[in-house]
Amino acid sequence: MSGTLYLVGTPIGNLEDMTFRAVRILKEADLIAAEDTRNSIKLLNHFDIHTPMESYHEFNKMDKGEELANRLEAGQNIALITDAGMPGISDPGEELVRISRDRGITVTAVPGPTAFATAAVISGRPCRRLAFEAFLPKDKKEHERVMAELRQETRTMLIYEAPHHLKKTLKELCQEIGPDRKITVTRELTKKFEEGLEMTLSEAVAYYETREPRGEYVLVLEGKSKEIQEEEYRSQFENLSLEEHMALYTDQGMDRKEAMKAVAKDRGVSKRDIYNELLK
């Protein structure tokens, strides 16, 4: 009988966020697979956990993943932890989960803190619909594709960023998405110097012109509002004469009365306004 792969959430900053179940599972497991053993040993020592630990990270995830899966199939229980937060979110844990599931190995989670969810709920931005982007891609073409998607995104967006890239990312977002878009810049979540600064993108750029970013950041960015969407939709008709606009619909077989109704909706005016303009 195969063992179980436990995805164990660990604190993103404050060690008091460690759950009783997480401590128990880490103590009972046959092996702990950690993204960075040098970092994780501090956590294990704090909670008096002496389970053997091995590294599993981005650069060994394929070979090591197969090895860990073999040990799971042999009956060992393995706990996977990341540097902070939930394994599998913006780290190589998802690869081990895929390998394990492909082999029919049981995978379960011991829930814990996540930086993007923590940032979202303290940000003041709507949280019913979220778009989690993690770190923006480094590949140029992929980066451009993602930025094009973010320009049209209506959900609240969450982006991870390192301090040495923060200024560049804020400037790019300001240019691509707009200076007036609201953002909450969070950093050092659950730690002593936690911050959640709410401002516009242009204000964020100006703020960090005179300050050096410190700590790990989660950017919580306002999605495109319904008002902006409607304004952009109407703007595409600004250079059309009324008759040209009408022709867009009548050429498709729509009768003139229905075409006037559609044009009025496009331009955000009443059907009577369109009728009166056409009479002129």
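Scroll up to find the structure.
What counts and what doesn't
Counting restarts for each chain: residues are numbered from 1 in the order of the written sequence. For a predicted model such as this one, the threshold for reporting local features is a pLDDT of at least 70, and the threshold for listing and counting side-chain atom pairs is 80 or more; totals across whole chains, interfaces and linings nevertheless cover every residue. The basis for every side-chain value is the complete set of heavy atoms in the structure, and neither hydrogens nor water enter the calculation. In this description a helix means any DSSP run of H or I spanning at least four residues, a strand means any run of E spanning at least two, and both kinds are numbered starting from the N terminus. The globule rule used for comparison is 2.2 Å times the number of residues to the exponent 0.38, while the radius of gyration itself is calculated over C-alpha atoms. Buried, partly exposed and exposed residues are distinguished by accessible area as a fraction of the type maximum, computed with a 1.4 Å probe on protein chains only: under 20%, between the cut-offs, and over 50%, respectively. Here, residues are in contact when the closest pair of their heavy atoms is within 4.5 Å. Only the protein chains shown count as covering a residue, and every accessible area follows the Shrake-Rupley method with a 1.4 Å probe. A pair of strands is considered paired only if DSSP assigns at least 2 bridges between the two. A fitted line through C-alpha atoms serves as each axis, taken over the contacting stretch for helices, and the angle formed by two N-to-C directions is quoted from 0 to 180°.

Engineer: How would you summarise the overall build of the protein if you had to cite specific residues and measurements?
Structural biologist: Regarding its fold elements, the protein presents 12 helices and 10 strands. Whereas a compact globule of 280 residues would reach a radius of gyration of roughly 19 Å, the protein reaches 26 Å, over 25% beyond that. Taken along the three principal axes of its C-alpha coordinates, the protein extends 85 × 50 × 35 Å. Across the 280 residues in the protein, those meeting the buried criterion constitute 43%. The long-range share in the protein, meaning contacts at least 24 apart out of those at least 6 apart in sequence, stands at 67%. Carbon together with sulfur atoms contributes 48% to the accessible area of the protein, which is approximately 16,000 Å² in total.

Engineer: Tell me what's going on with unusual backbone geometry, and back it up with residues and numbers.
Structural biologist: The phi torsion of most residues other than glycine is negative, and most of the peptide bonds are trans. Residues other than glycine seldom take positive phi values, yet Ser-90 does so here, at roughly 60 degrees. The topology assignment puts Ser-90 in the loop between strand 4 (78-81) and helix 4 (93-102). Positioned with a positive phi, Glu-188 is a non-glycine residue whose angle comes to about 50 degrees. Looking at Glu-188, the relative accessible area reads 17%, which means it is buried.

Engineer: Before we move on, can you summarise the sheet that holds strand 1 (residues 4-8) with the specific residues and values?
Structural biologist: The strand order across the open sheet built from 5 strands is 3-2-4-1-5, with neighbouring strands paired in parallel fashion. The open sheet has two free edges, formed respectively by strand 3 (53-55) and strand 5 (106-110), since each of these has just one partner strand. Recorded for the sheet is a direction-independent mean angle of 25 degrees between the axes of neighbouring strands. One ladder, built from 5 bridges, connects strand 1 with strand 5; its direction is parallel.

Engineer: Hey, could you go over the sheet that holds strand 7 (residues 156-161) for me, with residue numbers and the actual values?
Structural biologist: Strand pairing in a sheet is mediated by backbone hydrogen bonds. Such pairs are either parallel or antiparallel. Read from one edge to the other, the open sheet built from 5 strands follows the order 6-7-10-8-9, with strand pairing classed as mixed. A single partner strand is all that each edge strand has here, and the edge strands are strand 6 (130-135) and strand 9 (195-200). Pairs of neighbouring strands in the sheet enclose a mean axial angle of 20 degrees, with direction left out of account. Pairing analysis gives 5 bridges linking strand 7 to strand 10 (residues 217-221), with the strands arranged antiparallel. Residue pairing for strand 10: Tyr-160 is matched across the bridge by Val-218.

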